[in-house]
Amino acid sequence: MSTLQRLTARLSEILDQDSVITDPVRLRTYDCDGLTYHRATPGVVVLAESAEQIAAVVRLCDEYGVPFVARGSGTGLSGGALPRTDGVLIVTSRMRRILEIDIPNRRAVVEPGVTNLAITEAVRDQGHYYAPDPSSQQICSIGGNVAENSGGAHCLKYGFTVNHVVGVELVTPQGEIVELSDRDPGYDLLGAFIGSEGTLGIATKITVRLSRTPEAVTTVLAAFTGIEGGGRAVSAIIGAGIVPAAIEMMDALAIEAAEAAVHCGYPEGAGAVLVVELDGPHAEVDHQFAAVERICRETGAFEIRVAASAEERAAIWKGRKSAFAAVGRISPAYIVQDGVVPRTALPEVLAGIDRLQEEFGIRVANVFHAGDGNLHPLVLFDDAVPGQGERAETVSGRILDLCIEHGGSITGEHGVGVDKSRYMPRMFSEEDLDTMQLVRCAFDPKGLSNPGKVFPTPRLCGEVPGVRRGVHPLVESGAAEQF
Amino acid sequence: MSADADLAACGTTVRPAGDGDAVAGVLPRWVALPETTEDVSAVLRVAAAHDLAVVPTGAGTMLDWGPPPGRCDLLVDTCCLNEVLEHAAGDLVTRVQAGVTLGALGETLASQGQRLVAEPPLAGSTVGGMLATGVAGPLRFRYGTSRDLLIGITVVLADGTIAKSGGKVVKNVAGYDLGKLFTGSYGTLGVITEAAFRLHPLAADSRWVTAPLPEAERGQELAATLAASVLEPAAIELDRPVPGGGMLAVLVEGVAAAERAKAVQDLMGVDAEIGEEPPSWWGRLPGEDLLLSLRGLPAALAATLRVVDAHAARLALTPHVRGSAGTDDLHVALPTSSDPDRVAGFVSAVRDEIRPLGGRLTGVALPPGVAVDFWGETGALGLMRRVKDRFDPDHRMSPGRFVGGL
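Residues numbered from 1 in each chain as written. Chains lettered and ligands numbered in written order. Predicted model: local features only at pLDDT ≥ 70, side-chain atom pairs only at ≥ 80, totals over all residues.

### Quick word on the overall build of chain A
Summing up its helical and strand segments, chain A has 17 helices and 19 strands in all. Computed over its C-alpha atoms, the radius of gyration of chain A comes to 24 Å, within 12% of the 23 Å expected for a compact globule of 483 residues. Each principal axis of the C-alpha atoms in chain A carries an extent, and together these give about 80 × 60 × 50 Å. Taken over 483 residues, chain A has a buried fraction of 55%. Of the contacts formed within chain A by residues at least 6 apart in sequence, a portion of 71% connects residues at least 24 apart. (Helix = DSSP H or I, 4+ residues; strand = E, 2+ residues; numbered from the N terminus. Rg over C-alpha atoms; globule rule 2.2 N^0.38 Å. Buried ≥ 20, exposed ≤ 12 C-beta atoms within 10 Å, placed from the backbone. Contact = placed C-beta atoms within 7 Å.)

### What about the nonpolar core?
Residues and elements named next belong to chain A. One finds Val57, Ile90, Val273 and Leu274 to be the most contacted residues of the largest nonpolar core, which totals 278 residues. It is helix 3 (residues 51-64) that provides the largest number of residues to this core, a total of 8 residues. Ignoring anything within four residues of it in the chain, the contact list for Val57 reads Leu11, Ile14, Val46, Ala48, Val88 and Ile90. (Core = buried A, V, L, I, M, F, W, Y, C linked by C-beta atoms within 7 Å.)

### Brief notes about the interface of chain B and chain A
How large an interface is tends to be reported as the accessible area lost when its parts come together. Contacts between the two partners involve 69 residues from chain B, matched on the other side by 73 residues from chain A. Contributions of two or more residues to the side of chain B that touches chain A are made by helix 6 (146-149), strand 9 (162-166), helix 7 (178-182), strand 11 (200-201), helix 8 (216-227), helix 9 (257-268), strand 19 (360-365) and helix 12 (381-391) of chain B. The leading source of residues in the side of chain B that touches chain A is helix 12 of chain B, at 8 residues. Here the residues of the side of chain B that touches chain A are counted per class, giving 34 nonpolar, 18 polar and 17 charged. (Nonpolar A, V, L, I, M, F, W, Y, C, P; charged D, E, K, R; others polar.)

### Observations regarding the domain arrangement of chain A
Residue and element names in this part refer to chain A. Taken domain by domain, chain A holds domain 1 (3-91), domain 2 (98-212), domain 3 (215-330) and domain 4 (331-415). Between domain 2 and domain 4, the C-alpha centre-to-centre distance is 30 Å. Contacts between the two partners involve 6 residues from domain 2 and, on the opposite side, 6 residues from domain 4. Its residues assigned to classes, the side of domain 2 that touches domain 4 shows 2 nonpolar, 2 polar and 2 charged. (Domains from an automatic or database assignment.)

### Some details on the environment of Gln97 of chain B
Residues and elements named next belong to chain B. Mapped onto the elements of the fold, Gln97 is located in strand 6 (residues 93-97). Distance from Gln97 to Thr13, taken between C-alpha atoms, is 18 Å for residues 84 residues apart in sequence. In this structure Gln97 touches Leu81, Asn82, Glu83, Leu85, Thr193 and Glu194, once residues within four positions along its chain are discounted.

### With respect to the domain arrangement of chain B
In terms of domain boundaries, chain B breaks down into domain 1 (3-79 + 392-405), domain 2 (81-201) and domain 3 (206-365). Look at where the C-alpha atoms of domain 1 of chain B and domain 3 of chain B centre, and you get two points 36 Å apart.

### Remarks on helix 8 (residues 227-239) of chain A
All names here are of chain A. Under the 1.5 Å per step criterion, the end-to-end length of helix 8 is 18 Å for 13 residues, consistent within 8% with the ideal 18 Å. Within the span of helix 8, buried status applies to Ile227, Gly229, Gly230, Gly231, Ala233, Val234, Ile237 and Ile238. Buried-residue contacts for helix 8 involve strand 12 (216-224), strand 13 (246-251), strand 14 (272-280), helix 10 (282-298) and helix 13 (346-360). Positive backbone phi, approximately 80 degrees, marks Gly241, located one or two places after helix 8. (Expected span 1.5 Å × (residues − 1).)

### Points about the pairing of strand 13 (residues 235-240) of chain B
All names here are of chain B. In terms of burial, strand 13 is a largely internal element, 6 of the 6 residues being buried. Along strand 13, one buried face is formed by Ala235, Glu237 and Asp239 and the opposite face, lined by Ile236, Leu238 and Arg240, is buried too. The pairing of strand 13 with strand 14 (residues 246-253) spans 5 bridges and is antiparallel. Bridged to Glu237 within strand 14 is Ala249. (Pairing = 2+ DSSP bridges.)

### Here's the deal with the sheet that holds strand 9 (residues 177-181) of chain A
All names here are of chain A. Strand order across the open sheet formed by 5 strands is 5-6-10-8-9, with antiparallel pairing between neighbours. The open sheet has two edge strands, strand 5 (98-102) and strand 9, and neither has a second partner. Neighbour-to-neighbour, the strand axes of the sheet open up by a mean angle of 10 degrees, direction not taken into account. (Axes fitted to C-alpha atoms, helices over the stretch in contact; angles between N-to-C directions.)

### Examining the environment of Ala303 of chain B
When you line up the elements, Ala303 of chain B lands in helix 10 (residues 301-314). When the C-alpha positions of Ala303 of chain B and Asn172 of chain B are compared, they lie 40 Å apart, and in sequence the two are 131 residues distant.

### Considerations on the UniProt feature "domain: FAD-binding PCMH-type" (unreviewed entry) in chain B
Mapped onto the present numbering, the UniProt feature "domain: FAD-binding PCMH-type" (unreviewed entry) falls on residues 23-202 of chain B. Between the C-alpha atoms that bound residues 23-202 of chain B there is a distance of 36 Å. The span itself is 23% helix and 26% strand. (UniProt positions renumbered as here; feature names shortened; annotations may be inferred.)

### Some points on the UniProt feature "domain: FAD-binding PCMH-type" (unreviewed entry) in chain A
In this structure's numbering, the residues bearing the UniProt feature "domain: FAD-binding PCMH-type" (unreviewed entry) are residues 38-213 of chain A. In residues 38-213 of chain A, the share of helix is 22% and the share of strand is 26%. The end C-alpha atoms are 39 Å apart.

### What about helix 13 of chain A?
Residues and elements named next belong to chain A. The end-to-end C-alpha distance of helix 13, which contains 15 residues, comes to 21 Å, matching closely the 21 Å that a straight helix rising 1.5 Å per residue would cover. As for helix 13, its buried residues are in contact with helix 8, strand 18 (363-369), strand 19 (374-381) and helix 14 (388-405). Remark: Gly361 follows helix 13 within two positions and exhibits a positive phi of approximately 65 degrees.

### A few points about the sheet that holds strand 8 (residues 150-156) of chain B
Residue and element names in this part refer to chain B. Here we have 5 strands laid out as an open sheet, ordered 5-6-10-8-9, and antiparallel in their pairing. Pairing within the sheet leaves two strands with one partner each, and these edge strands are strand 5 (84-88) and strand 9. With direction set aside, neighbouring strand axes in the sheet form an average angle of 10 degrees.

Here it is as structure tokens:
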């Protein structure tokens with residue numbers, strides 16, 4: 001019997017039969033997350049229902065030295081939840097209770113399988129919402145958001161998951177259940193845990209901060225003949241001291257795809273559209289709207305539409321929100337890239353992407369969070385044409401190089417996962433990565449929690465160097481003597 | 001070679017320590033004055049070779065915060081790491097060396113109409129000091145604290161390793177966020193040498209609405225109403241110089257601040273006044289030498305203050321409470337002349353009683369005679385110890401200044 005088989009045999013001590021999946025056909029349902037070109041059938045799948053179950057499963061993994069991977073809704077785009085064929089996949093989607101809504105303290109306590117949007121839906125009537133809004137918010141889980149430190153279109157003004165989670169109960173890679181709270185003294189392990197992509201343990205209970213629904217929201221769609229005009233408008237808006245809730249931009253190819261897919265009806269002839277959303281007190285939003293409208297006209301917008309109602313706003317967002325899937329209408333296959341550059345470097349980087357398109361004969365549709373310089377180039381290719389897939393991969397990688405050259409990052413919100421670990425050494429020195437590894441070793445000395453993700457080369461943690469304090473554990477347990 | 005000789009040869013100015021260099025009463029032997037991250041690395045390599053205990057310092061305004069170090073051989077003074085490396089106004093980002101004072105940084109940023117919204121309460125504090133202590137000002141209610149604004153950090157570990165994480169873009173999830181780990185770590189993991197922050201535009205206009213508070217319940221009720229209000233105040237601060245009475249001050253920022261302040265005034269009642277300047281106590285600590293941090297849940301503010309008052313009355317102490325009522329993140333100061341045993345009794349009793357309410361009382365600055373667990377209980381101490389053991393295996397960085405004696 002393999003180690004994994006021995007472990008699997010003992011899962012029945014912890015879980016009901018219907019909570020453990022070993023059937024090869026059913027296992028294949030879990031062979032990838034949102035990054036579908038990386039696949040691995042998990043050794044065994046566990047559908048957990050409580051922190052205690054997860055802790056017990058993780059302790060078994062620790063005992064047998066078997067790796068484990070946590071998975072929420074499986075919508076991640078960097079392969080962070082890619083299973084291990086020799087390991088356990090711990091799925092949290094059955095843990096979807098909202099445990100507590102506490103409006104006076106502006107917080108809610110939820111299980112990790114609760115979807116992002118479900119939190120907002122539960123508190124909307126009471127004038128509150130949960131601010132981070134990744135595009136997948138209807139289905140993505142809050143546990144996954146914590147693992148990835150998810151953002152969303154509105155993080156320009158409101159920040160990321162790490163700014164809105166005030167407490168986490170987690171199962172450490174050694175199977176302990178630990179509470180992290182932003183009120184407790186000590187190291188900000190909460191901040192270190194959020195965004196660690198499942199490599200420091202599994203969140204089993206999450207306390208989120210709720211935000212007040214803004215009094216007014218105005219969404220503006222501005223059409224430009226080319227991307228340069230849109231870029232000038234973004235600079236001028238920021239330069240005017242305005243921090244919109246969101247500033248999104250799409251180029252001609254992305255608009256074409258969105259039109260083909262959802263008929264969003266963006267202004268004809270637009271080489272770029274800008275979506276600017278302003279929110280806050282009425283008096284502030286009215287003023288900012290006037291300024292944004294003036295700036296867009298001055299920078300060459302040929303058409304401006306304004307949405308004040310929820311329906312009109314949805315119409316403007318429809319094209320933007322469907323953009324990723326929409327490129328499927330104009331291309332048989334595509335890679336969704338996620339890179340970041342300082343906002344002012346956007347024109348240069350976009351020019352660089354144009355050059356790459358020409359050099360490799362590969363089309364790139366650009367959709368981006370223009371306010372914070374987060375690019376989502378969609379690299380289009382036809383997998384039926386020999387060599388095109390490889391060329392698309394090359395272009396996709398070169399775009400990340402461009403981001404790094406301009407002082408940016410290889411990922412703004414999708415995570416490193418399995419997809420980009422090889423790019424980490426281009427952004428960070430060996431010392432940087434070794435130092436991050438110290439955190440990993442503190443939490444997960446055996447390297448069993450989502451191994452092979454984030455970091456390029458797994459390292460052994462070894463014993464903590466330095467002066468040993470107290471009696472050696474082997475001596476203490478009577479297994480060894482010191483002379 | 002002796003430590004003296006190695007320090008002299010490491011390429012950085014090192015001087016013998018004087019009485020003014022004591023850290024919470026513990027006198028170091030040397031003070032190093034590095035000018036670059038590489039200088040700090042060279043100094044720390046010497047410290048590692050000679051088993052020297054190291055305490056980093058900036059302007060020294062908060063150097064006595066935390067328990068005294070168990071030992072302190074070398075003070076690493078970041079005063080000469082004082083350059084604003086970059087202010088990319090178009091990107092709303094700045095990169096600075098850790099020894100830059102917040103005042104100097106504020107001037108640089110303001111010249112381009114921008115600001116770092118974290119504004120610690122002590123004038124002259126450095127960026128490094130703000131990060132190491134995690135202390136925050138009134139705007140934490142709307143914008144969070146320095147940990148929420150920090151987007152990149154460079155640190156030097158106990159063995160001299162230079163490491164960075166994050167970068168200079170606002171949105172970035174590549175790798176672990178060492179900045180979070182180092183913020184509020186009281187110098188126990190290494191020396192912070194550089195930091196990058198996201199910035200905000202200066203407020204177009206500001207108004208402060210202040211009202212007297214007859215009792216704690218009214219403060220909690222008002223803070224809750226304001227926090228849940230669509231008027232979006234930037235800060236909600238409480239000042240309570242003596243048990244019972246006090247003031248609530250609310251900051252409204254934006255082009256329409258004057259108009260919104262009127263609406264805030266209506267909510268706060270007939271006694272509320274609108275001003276174009278902050279009240280004199282705004283953004284300052286209620287005291288310096290005997291200071292505690294009181295954190296909790298906003299809806300438990302009144303109950304927490306009742307606990308404070310009850311034990312203050314029992315022990316004949318006069319606590320001055322001030323801070324963010326919007327986030328229930330407050331400071332409590334006691335007169336330096338307070339009896340140390342009574343202070344210890346006060347801390348233990350209040351700490352135990354507010355814990356079930358979700359509250360935490362921790363030391364910030366305590367005179368040596370106050371015999372009490374400085375930090376109190378914390379969750380995850382085991383994990384914290386493991387982190388400390390990895391980063392500083394010999395426990396030479398600010399030893400003993402942090403939770404659990406780390």
